[in-house]
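Descriptive structure summary
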Amino acid sequence: MAAGRPCTASAPARPPTGLHVFAIAFALEVSVGKTNTVMALNNSNVLLPCTFTTCIGFQDLVFTWYFNSTELIYHGKIKNKASEPTVIQHNPRVEFVGSTTKKDNNISIVLNNVEFSDAGKYTCHVKNPKEKNAQHNATIFLTVVHKMVETDNTVTLIIVGVVGGLIGLLILFMLIKRVVLFIIKKMQDGKKECLVSSSGNDNTENGLAGSKAEQKAPPKA
Ligand SMILES: *[C@@H]1O[C@H](CO)[C@@H](O)[C@H](O)[C@H]1NC(C)=O
Ligand SMILES: *[C@@H]1O[C@H](CO)[C@@H](O)[C@H](O)[C@H]1NC(C)=O
Ligand SMILES: *[C@@H]1O[C@H](CO)[C@@H](O)[C@H](O)[C@H]1NC(C)=O
Ligand SMILES: *[C@@H]1O[C@H](CO)[C@@H](O)[C@H](O)[C@H]1NC(C)=O
């Protein structure tokens, strides 16, 4: 119970209709946990978590799981805290796995043999007659994938590919630069022999500044 929201604090935030304030004051709260998305492999069984908290307890509480807001996939009833739920109606692939006699009021289900068409919105809805029929719901989104690690691998491969490619390009660039510088030097050496007599002094010939030599080369050629 400590994990739920405060039992009385949230009333002022709601519209001042009598029923609302009354219902909120009892603070029935339904939760699917910290993350609201779950990923499942094609053909696997997936847990769809849901718990609820109440401040004054419950009696003949009704809970319902919906797929995409409209399709009822599990409907159950719990007499009181001393009992486990009884099923009213359920989809054959849906199995109740929770427990309401322990500390948490766990009303999780497992969806068996997940198919791609199962992807979508799963809403866990609770109604508590003991709290003047207070209702609350929480939603979790299911995505169905072929391979669990596929997306991670793809990202890794892309990073490795890009980094590897960049290093490769850098090496290639350095090699080309060396070759070009070598050729330029060779050309200049050749030219120097011809130019020695006329202009004696060419300060790029010692090749200290590589890029300078590279830039200056074309106009001379
Ligand atoms: C999903 O699993 C079923 C059963 O193994 C298989 O027939 C189907 O091809 C799978 N779908 C995809 C897209 O991998
Ligand atoms: C609810 O029960 C299921 C099945 O025992 C378990 O896997 C899940 O962790 C429980 N959830 C919480 C919030 O206790
Ligand atoms: C359920 O909703 C999702 C989107 O929220 C949609 O992609 C999917 O087609 C819906 N499935 C069915 C069976 O209506
Ligand atoms: C869930 O609660 C919201 C209000 O918080 C309501 O608009 C919505 O209709 C409820 N969904 C279901 C499936 O009961």
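This text follows the structure it describes.
Notes on the structure in this doc start here. (Residues numbered from 1 in each chain as written. Chains lettered and ligands numbered in written order. Predicted model: local features only at pLDDT ≥ 70, side-chain atom pairs only at ≥ 80, totals over all residues. Heavy atoms only, no water.)

Here the focus is the site of ligand 3. Near ligand 3, the surroundings consist of Phe67, Asn68 and Ala119. One nitrogen or oxygen atom from the side chain of Asn68 is found 2.4 Å from an oxygen atom belonging to ligand 3. Protein contacts shield 34% of the accessible area of ligand 3, which totals 360 Å² for the unbound molecule. (Near = heavy atom within 4 Å. Polar contact = N/O pair within 3.5 Å; in protein donor to acceptor, adjacent residues only side chain to side chain. Areas by Shrake-Rupley, 256 points an atom, 1.4 Å probe, with all protein chains shown as cover.)

Around ligand 1, the surrounding shell consists of Asn42, Asn43, Phe116 and His146. Note that an oxygen atom of ligand 1 is positioned 2.4 Å from one of the side-chain N or O atoms of Asn42. Asn43 places a polar side-chain atom, nitrogen or oxygen, 2.3 Å from an oxygen atom of ligand 1. Burial of ligand 1 by the surrounding chains reaches 36%, relative to a free accessible area of 360 Å².

What follows deals with the environment of His136. Within the secondary structure, His136 is located in strand 12 (residues 134-145). Residue classification places His136 among the partly exposed positions, given a relative accessible area of 23%. At 2.8 Å, the side chain of His136 forms a polar contact with the backbone nitrogen of Val30. (Helix = DSSP H or I, 4+ residues; strand = E, 2+ residues; numbered from the N terminus. Buried < 20%, exposed > 50% of the residue type's maximum accessible area, 1.4 Å probe, protein only.)

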